[in-house]
Structures are given as C-alpha cells and as structure tokens.
Amino acid sequence: MVELRGDLGAGKTTLARYLLQALGVTGRIKSPTYAIVETYSGSQAGYGLVGSFLAISHFDFYRFNDPMEWEDAGFRDIFATAGLKIVEWAAKAHPLLPPADIVISIELRHDESRQVSITLK
Ligand SMILES: Nc1ncnc2c1ncn2[C@@H]1O[C@H](COP(=O)(O)OP(=O)(O)OP(=O)(O)O)[C@@H](O)[C@H]1O
Ligand SMILES: [Mg+2]
C-alpha cells in the first residue's frame, strides 16, 4: 500500500494520476473523492511483462466516516486481494487500513513548489 500524505490540495491526486499513467493506465483518471475508490487495470508492459496486468485501486478516504462501509462497500475484500493500493487520507480509515509499505508526503510551499519525501516502511 502506497500512502499519499499532504494537506487539502497538496497534489496527492495529481501524483496518483502520473503514477497510474506510468503503470500503463489509459483514459480518464477521476479523483476518488466521491466514490472513495476507483479501480484500474495497469499494464506492466513497460516493465517487460507483456500480457500481464496489475490491479490498482486508488482510494480517497476523506469522506469515509462509517466503519460499516468498510465491509459493505467491499474495501476489506480489495485489501485482501493482490494488487497495488494507492491511498489518500489514510488516517480517516484508521485502524481498518493495513499499514503502508511506502509513504509519500507532499508539502505545498508558499512559492507553490512542492516538497516531496518518500519513506519506505
Ligand atoms: N506538482 C504540481 N504542480 C503544480 N500544480 C499542482 C501540482 N500538484 C497538484 N497541483 C494542482 O493543485 C491542485 C490540487 O491538486 P490535487 O487535487 O492533486 O490535490 P490533493 O492533495 O489530491 O487534494 P485533496 O486533499 O483535496 O484530495 C490542482 O489544481 C492541481 O492541478
Ligand atoms: Mg485528492
């Protein structure tokens, strides 16, 4: 699980879009703010595995406030299945979420530049 941290508007979804595109996702990449999750099939061809696909789920838990939804919306199943999970606002789904493998923190500075730090857990 890759956790994207940063304030509102820091650039988490934007970074996720580039990451998804780099993993071979084509077409429109929506912010998962309303649906909480958007799922994709990444093509790993760029990594030499022609014909192999990677299941990717992009979450935004900003509006998540009902723990029942974890079960009902199938989030538990997604996390129990192989594939890449990219998560915005992970703290809002604590303690249901598994711990992150990689944390990418984005800080929007006053001059509009972004400072990004990556931590491998
Ligand atoms: N690296 C960047 N350079 C310039 N503009 C950026 C960059 N990253 C994001 N933006 C712009 O900042 C705005 C907010 O970006 P984005 O939606 O990715 O933020 P977010 O962290 O996902 O916000 P939220 O917490 O609401 O989900 C958008 O208008 C986007 O185009
Ligand atoms: Mg976002």
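Structure: see above.
A. Spotlight on the overall build of the chain. When you go through the chain residue by residue, the secondary structure sums to 3 helices and 6 strands. Radius of gyration (C-alpha) of the chain: 14 Å, near the 14 Å computed for a compact globule of 121 residues. Judged by the C-alpha coordinates and their principal axes, the chain covers about 45 × 40 × 30 Å. When the accessible area of the chain is evaluated, it comes to approximately 7400 Å², of which 54% is carbon and sulfur surface. Of the charged side chains in the chain, 12 are positive and 14 negative; the average position of the first set lies 4 Å away from that of the second.

B. Summary view of the site of ligand 1. Close to ligand 1 lie Asp 7, Leu 8, Gly 9, Ala 10, Gly 11, Lys 12, Thr 13, Thr 14, Asp 60, Glu 88, Trp 89 and Arg 114, which account for all nearby residues. Taking Thr 13, its main chain carries an N or O atom lying 2.8 Å from an oxygen atom of ligand 1. Note that an oxygen atom of ligand 1 is positioned 3.2 Å from one of the side-chain N or O atoms of Arg 114. At 3 residues, helix H1 (residues 12–22) tops the list of elements feeding residues into the shell around ligand 1. Its residues placed into classes, the shell around ligand 1 shows 3 nonpolar, 4 polar and 5 charged.

C. Local environment of the coordination of the magnesium ion (ligand 2). Looking at the metal site, the magnesium ion (ligand 2) is ligated by Thr 13 (OG1) and Glu 88 (OE), spaced 2.0 to 2.2 Å from it. Here Thr 13 is found in helix H1, whereas its partner Glu 88 is found in strand S4 (residues 84–88), with 75 residues between them in sequence. Judged by its relative accessible area of 14%, Thr 13 is buried.

The rules behind these values
Residues numbered from 1 in each chain as written. Chains lettered and ligands numbered in written order. Predicted model: local features only at pLDDT ≥ 70, side-chain atom pairs only at ≥ 80, totals over all residues. Heavy atoms only, no water. Helix = DSSP H or I, 4+ residues; strand = E, 2+ residues; numbered from the N terminus. Rg over C-alpha atoms; globule rule 2.2 N^0.38 Å. Areas by Shrake-Rupley, 256 points an atom, 1.4 Å probe, with all protein chains shown as cover. Lys, Arg positive; Asp, Glu negative; His and termini not counted. Charge placed at Lys NZ, Arg CZ, Asp CG, Glu CD. Near = heavy atom within 4 Å. Polar contact = N/O pair within 3.5 Å; in protein donor to acceptor, adjacent residues only side chain to side chain. Nonpolar A, V, L, I, M, F, W, Y, C, P; charged D, E, K, R; others polar. Donors = N, O, S within 2.8 Å, 3.2 Å for Na, K, Ca; no water. Buried < 20%, exposed > 50% of the residue type's maximum accessible area, 1.4 Å probe, protein only.

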